[in-house]
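# Descriptive analysis of the structure
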Amino acid sequence: MKTSIEQLPIELWIEILSYLEAHVIFHAFTNLNHHFDYILTSDHLLFNVELGKTDRNPLEYTVQPYWSKTILNRIIHLQPLISQQLSHIPEFLRWHCSELHQLKSLTMKLRGRQISAISNVLPHLLSLHYLSIKCVPNQILLDAILVTPNLNVAQFEFSRPITSINIRSDKISPLKVLDIQLEDDSYSSIMILLLSHMPKLQWLQMRNYDIYIDKNSESNLTTITYLVGRITKSVSHSPNCRRLKTVEDFIIIWLDSNIDESHEDSQTVINQLRQLINAVQTFNEIEQCITYFDEIKDERIFVIVSDTLGPRFVPRIYKKKQLASIYVLCDNKEEQKQWVLKFPMIKGIFTEIEDLCIYLKLDLRQNENNFTSFIAVIFRIQIDPTISTTPFADVKNVSCAGSGEQEILFSMHTIFRIGETTQLANGLYQVDLALTKDNDKQLVQLTEYMRKVTQGPTGLHRLGQLMCHMGEFDKAKEIYTTLVDTTSTDDRQQLALFHHQLGYISKKKNDLSSALSHYQESLDIKLTYLPSDDPQLSSTYCNIGSVLQDQGDLDGALEHLKFALKSDLRASKPDRLSIAIRHNNIGSVLEDLGNYHEALMSYRKALELQLSQVSKRHPSIATSYNNIGLVHRKMGDNLNALTYYRDALDIFERSLPSLHSSLATSHHNIAMVLDDLRRTKEAIKHAERALEITLHSNDIEHPDVLRRQAYLDDIRRKL
């Protein structure tokens, strides 16, 4: 272990010095002192200085500390004592910038008025070659960076600017290398300002740029593309220049010996891929592709490979850390399965590029952690204190954002009603919000319903129910399995509930045998402390009937469902929503038995009960619309069926997450009716969306995925 000489204990110093005479020690230290003075004043000694932060407010740093000019003249690097923390560097530079003749490198984190101080200093640092800044940028700072006279390399980490940035400037920067990360540059103003005024730029790295750029703003995106393209062109003939790198999160590589970009078929495929992301690279040869692959360090690569090159190419890249997924594009799926099974990174084998793009789009979405292209939205909020007691306060005088921000602080439970949405400009929208009334009928109904469906003694119980309602079945299964494993066998009611929920989850995942097993286990436990016709058993009877229906035992299913309805009606205060569910389920079995008129009566009875209890935009209303639409279709009334299906989809889109399984069912139903009406192109769009949503929660071999894929293939052949 190393230590500084001044940290040695006194006892050890005494032991060392005991071997020397006093006058020898004095003479030695005197000479050493003179020698160090000589070294410190020598022009050959240069300094890397680290400045810390005192407990005082840096803005109160008004006393000029003593630094000799001989030392200031030899400082070549200045940075904070602790990386990424505030320091007194701005104040130090304000006092001494005229003496820092050899300062070549400067690293700092800034805030508030420090930015203004640095903006005044930068143009006077004549030897500065490298600059690293982390801050909230403003126009003054960006202009100062542009006129720093000999700056060659810069690294910036900018948060969202508070003030607007003007992209026009008469200043030109000598910068050659730029590494920049921005939290938000929605109008691309920072990037346009910098790139358009750096004519010597040779190496560019833009981090997370696809996250914050407003891709709906064609003019700004075109400008950025042009500027980057100009930089590429300017350095393409320079043998000593590093490859220009624009960082995107993802790259698609298409490897096929038959690719010919001048040919219409190849160009069509490339255009389809570029609708997903811009970065698409094509290769005809394996070695050429491997070389490119190895150059990529930060991005994630999605590979599309032909069946002829795949068996030789995939074994060479499947362990590379840049690789995200592999897709095989071929003429015959069956011939490829043997070698494909060896590589789990291969997500699928496809004969049509359209199908591949559906799977690849979902894969990209999952890999990007739900990052999406943003548009600018202004929320205009209407507040009427006479109709709402929701707390809110004007905090502009106490906000840390400064006097330039006007802020209203609302209570966390505040709920707004969405009104009109207006497009103000390209990429800029205004959404009108109104504070809800305390006695808002729909809000009261929704709150009461959510309170009912997420009941439980602990947060984990309620979280499991919430995951089920959100369609996150893998997470829900994990929660309920944990609850079963950690619950005492004496707690029969809780164990019965958990097995019931696991049965529900298994059925949603199409594991019917597991679902029936869990439901039966739940029923057996309940029968140890309840009579067989107790209303508490109704939901279990109903769910067993539903599984039996899926297994083809329609008579057994109908028997269980009718017994469930009978049990519900025996309750002292029957739950009208539960009874509606029973009517829906009985209608479904009657429909399968071909008794369409009786099925329609059951569905309409369910809808009537639901409308008396919940909002007309509640998901359960949509389910009933779907059911009624399905019966109309089977009775040959396609126009009525389409009306009900579209009403159901509208409700689901307003009330459920965008990838909920119920949306897949709605899109599939609409596709079938449109297909019946011979509106094939419209049908294909809905069938593709149904497949995309189904893939979100299931692997490519899941029966629902295979069924949706087969249906999509079938209607495509009709074009």
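Before reading further, recall that the structure is shown in the block above.
Numbering of residues starts from 1 in every chain and runs along the sequence as written. In keeping with the predicted nature of the model, local features appear solely for residues at pLDDT of at least 70, side-chain atom pairs appear and are counted solely at 80 or more, and the whole-chain, interface and lining totals rest on all residues. Calculation of side-chain values draws on the structure's entire complement of heavy atoms; hydrogens and water are dropped beforehand.

### Things to note about the overall build of the protein chain
In plain terms, the rule: Helix and strand labels come from DSSP, where a helix needs a run of H or I of at least four residues and a strand needs a run of E of at least two; each type is numbered from the N terminus. For the exposure calls, accessible area comes from a 1.4 Å probe over protein chains only, and a residue counts as buried if that area is under 20% of its type's maximum, exposed if over 50%, partly exposed in between. Residue contacts are counted whenever heavy atoms from the two residues lie within 4.5 Å of one another. Values of accessible area rely on a 1.4 Å probe in the Shrake-Rupley scheme; residue burial ignores everything except the protein chains shown.
Per the secondary structure count, the protein chain includes 28 helices and 17 strands. Per-residue burial over the protein chain gives 44% buried out of 719 residues. The contacts in the protein chain between residues at least 6 apart in sequence include a share of 61% that link residues at least 24 apart. Summed over its atoms, the accessible surface of the protein chain is roughly 39800 Å², and 52% of this surface lies on carbon and sulfur atoms.

### A few points about helix 21 (residues 554-569)
The line we're drawing: Helices are assigned an expected span. That span is 1.5 Å times one less than the residue count. Counting of polar contacts relies on pairs of N or O atoms within 3.5 Å, with two restrictions inside protein: one atom must be capable of donating a hydrogen and the other of accepting it, and residues adjacent in sequence are counted only when both atoms are side-chain atoms.
Between its first and last C-alpha atoms helix 21 spans 23 Å; for 16 residues at 1.5 Å apiece the expected length is 22 Å, and the two agree. All of the buried residues along helix 21 are Leu 554, Gly 556, Ala 557, Leu 558, Leu 561, Ala 564, Leu 565, Ser 567 and Asp 568. If you follow the buried residues of helix 21, they end up packed against helix 20 (538-550) and helix 22 (576-592). Two or three places before Gly 556, at the opening of helix 21, Asp 553 has a side-chain oxygen 3.1 Å from that residue's backbone nitrogen.

### Let's talk about the nonpolar core
Using the following cut-off: Take the buried residues of types Ala, Val, Leu, Ile, Met, Phe, Trp, Tyr and Cys, join any two whose side-chain atoms come within 4.5 Å, and each joined set is a nonpolar core.
Formed by 84 residues in total, the largest nonpolar core has its most connected members in Ile 252, Leu 273, Ile 304, Leu 356 and Leu 360. Those residues in contact with Leu 273 that sit more than four places away from it in its chain are Ile 252, Val 280, Ile 304, Ile 353, Cys 357 and Leu 360. With 47 residues, the next largest nonpolar core counts Ile 75, Leu 106, Ile 145 and Leu 204 among its residues.

### So, the packing of aromatic side chains
Inclusion rule: A pair of aromatic rings is counted whenever rings of Phe, Tyr or Trp (Trp by its six-membered ring) have centres within 6.5 Å, and the orientation is called stacked for planes under 30 degrees apart, edge-to-face for over 60 and tilted otherwise.
Counted according to the given criterion, the structure contains 11 aromatic pairs. Plain terms: the ring middles of Tyr 541 and Phe 563 are 4.9 Å apart, the flat faces sit at 90° to each other, and that makes the pair edge-to-face. Linking Tyr 541 in helix 20 with Phe 563 in helix 21, this pair joins segments that are 22 residues apart in sequence. Residue Phe 563 is classed as partly exposed on the basis of its relative accessible area of 30%. Each ring, one from Tyr 625 and one from Tyr 644, has its centre 5.9 Å from the other, and the planes form 45°; the classification is tilted. A residue pair is termed long-range when its members are at least 10 positions apart, and Tyr 625 in helix 24 (residues 619-634) and Tyr 644 in helix 25 (residues 638-655) qualify at 19 residues. Judged by its relative accessible area of 21%, Tyr 644 falls in the partly exposed class. Members of the aromatic cluster, each reached through a chain of ring pairs, are Tyr 318, Trp 339 and Phe 343.

### A short note on the packing of helix 23 (residues 596-611) against helix 24
The following threshold applies: Axis definition: a line fitted to C-alpha atoms, over the contacting stretch in the case of helices. Angles run 0 to 180 degrees between N-to-C directions. Put simply, angles under 35 degrees are roughly parallel, angles over 145 are roughly antiparallel, angles from 65 to 115 are roughly perpendicular, and the rest are oblique. The hand of a helix crossing depends on one turn: near helix anticlockwise from the far one by less than a right angle means left-handed, and clockwise means right-handed.
Between helix 23 and helix 24, the least distance of the axes is 10 Å, while the angle of their chain directions is 160°. When the axes of helix 23 and helix 24 are compared, the pair comes out roughly antiparallel. For the crossing formed where helix 23 meets helix 24, the hand is left-handed. Between helix 23 and helix 24, the contacting residues are Tyr 596, Ala 599, Leu 600, Tyr 603, Arg 604, Ala 606, Leu 607, Gln 610 and Leu 611 on the first element and Ser 620, Ile 621, Ser 624, Tyr 625, Asn 627, Ile 628, Val 631, His 632 and Lys 634 on the second.

### Quick notes on the environment of Leu 100
Position of Leu 100 among the secondary structure elements: in the loop between helix 4 (89-96) and strand 3 (105-109). Distance in space between the C-alpha atoms of Leu 100 and Thr 70 is 10.0 Å, their sequence separation being 30 residues. Setting aside residues no more than four positions away along its own chain, Leu 100 makes contact with Leu 72, Ile 75, Phe 92 and Leu 93.

### Details of the pattern of salt bridges
Our working rule: Salt bridges, as used here, are contacts in which a Lys or Arg side-chain nitrogen is within 4 Å of a carboxyl oxygen on Asp or Glu.
Under the definition given, this model contains 21 salt bridges. In this structure, Glu 287 and Arg 316 form a salt bridge, with 2.5 Å as the shortest nitrogen-oxygen distance. Separated by 29 residues along the polypeptide, Glu 287 in helix 11 (residues 286-295) and Arg 316 in helix 12 (residues 310-317) bring together distant segments of the chain. Owing to a relative accessible area of 41%, Arg 316 belongs among the partly exposed residues under this scheme. A salt bridge links Glu 591 to Lys 634, with the nearest nitrogen and oxygen atoms 2.8 Å apart. A residue pair is termed long-range when its members are at least 10 positions apart, and Glu 591 in helix 22 and Lys 634 in helix 24 qualify at 43 residues. Among the charged side chains, a salt-bridge network with shared partners connects Asp 355, Glu 688 and Arg 716.

### A closer look at unusual backbone geometry
Keep in mind that most residues, glycine aside, have a negative phi and that most peptide bonds are trans. Despite not being glycine, Asn 510 has its phi angle at roughly 65°, a positive value. Tracing the backbone shows Asn 510 in the loop between helix 18 (492-508) and helix 19 (512-526). With a phi close to 65°, Arg 678 is a non-glycine residue in the positive phi region. Relative to the helices and strands, Arg 678 resides in the loop between helix 26 (661-676) and helix 27 (680-697). On the accessibility criterion, Arg 678 (75% relative accessible area) is exposed.

### What to know about the pairing of strand 3
Let me state the cut-off plainly: Two strands qualify as a pair provided that DSSP identifies no fewer than 2 bridges between them. By convention a crossover is right-handed if, when the strands point away from the viewer, the path from the first strand over the helix to the second runs clockwise.
Relative to strand 3, strand 2 (residues 75-80) runs parallel, the two being bridged by two bridges. Paired with Leu 78 across the bridge in strand 3 is Leu 106. Summarising the sheet, strand 3 and strand 4 (residues 130-135) pair through five bridges and their orientation is parallel. Residue pairing in the sheet places Leu 106 in a bridge with Leu 131 of strand 4. Tracing the backbone out of strand 3, into helix 5 (residues 114-121) and back to the parallel element strand 4 gives a crossover that is right-handed.

### Considering the side chain of His 667
Following the sequence through the fold, His 667 ends up in helix 26. The contacts of His 667, once residues within four sequence positions are left out, are Leu 649, Glu 653, His 686, Arg 689, Ala 690 and Ile 693.

### Focus on the pairing of strand 12 (residues 346-350)
Across the five residues of strand 12, four count as buried, placing the element largely inside the fold. Relative to strand 12, strand 11 (residues 323-329) runs parallel, the two being bridged by four bridges. Bridging from a neighbouring strand, Val 328 pairs with Ile 349 of strand 12.

### Side note on helix 17 (residues 473-486)
The periodicity of an α-helix, 3.6 residues per turn, causes residues three or four positions apart to be oriented the same way. Note the cut-off: Arc, as used here, means the arc of the directions from the helix axis to the C-beta atoms.
For helix 17, with 14 residues, the first-to-last C-alpha span of 20 Å sits near the 20 Å given by 1.5 Å per residue. Listed as buried for helix 17 are Phe 473, Ala 476, Ile 479, Tyr 480, Leu 483 and Val 484. One face of helix 17 carries all of its buried residues, which in axial projection span an arc of 135°. In this structure, helix 17 carries Asp 474, Glu 478, Asp 485 and Thr 486 as exposed residues pointing more than 90 degrees from its buried face. The elements touched by buried residues of helix 17 are helix 16 (459-470) and helix 18.

### Considerations on the sheet that holds strand 11
The sheet built from five strands is open, its strands ordered 9-8-10-11-12 with parallel pairing. The open sheet is flanked by strand 9 (280-283) and strand 12, the only strands paired with a single partner. When the angles between neighbouring strand axes are averaged without regard to direction, this sheet yields 20°. Here four bridges tie strand 8 (residues 250-255) to strand 9, and the two strands are oriented parallel to one another. Counted as the bridge partner of Ile 252 is Val 280 from strand 9. Here helix 11 sits on the sheet and contacts strand 8, strand 9, strand 10 (300-306) and strand 11; the angle it forms with strand 8, its principal contact strand, is near 170°. In the packing of helix 12 onto the sheet, contacts are made with strand 8, strand 10, strand 11 and strand 12, and the angle to strand 10 comes to roughly 160°.

### What about the environment of Phe 498?
Of note, Phe 498 is situated in helix 18. For the pair Phe 498 and Gly 464, spaced 34 residues apart in sequence, the C-alpha separation works out to 9.7 Å. Once you skip the residues sitting within four places of it in the chain, Phe 498 turns out to touch His 461, Tyr 480, Leu 483, Val 484 and Thr 487.

### Quick look at the packing of helix 24 against helix 25
Cut-off, in case you're wondering: Residues are grouped as follows: Ala, Val, Leu, Ile, Met, Phe, Trp, Tyr, Cys and Pro are nonpolar; Asp, Glu, Lys and Arg are charged; every other residue, Gly included, is polar.
In contact at an axis separation of 8 Å, helix 24 and helix 25 are set at 160° when each is read in the N-to-C sense. Between helix 24 and helix 25, the crossing angle belongs to the class labelled roughly antiparallel. In this structure, helix 24 meets helix 25 at a crossing whose hand is left-handed. Only Asn 638, Asn 640, Ala 641, Tyr 644, Tyr 645, Asp 647, Ala 648, Ile 651, Phe 652 and Ser 655 of helix 25 make contact with helix 24, whose side of the interface consists of Pro 619, Ile 621, Ala 622, Thr 623, Tyr 625, Asn 626, Ile 628, Gly 629, Leu 630, His 632 and Arg 633. Class assignment for the residues of the contact of helix 24 with helix 25 results in 12 nonpolar, seven polar and two charged.

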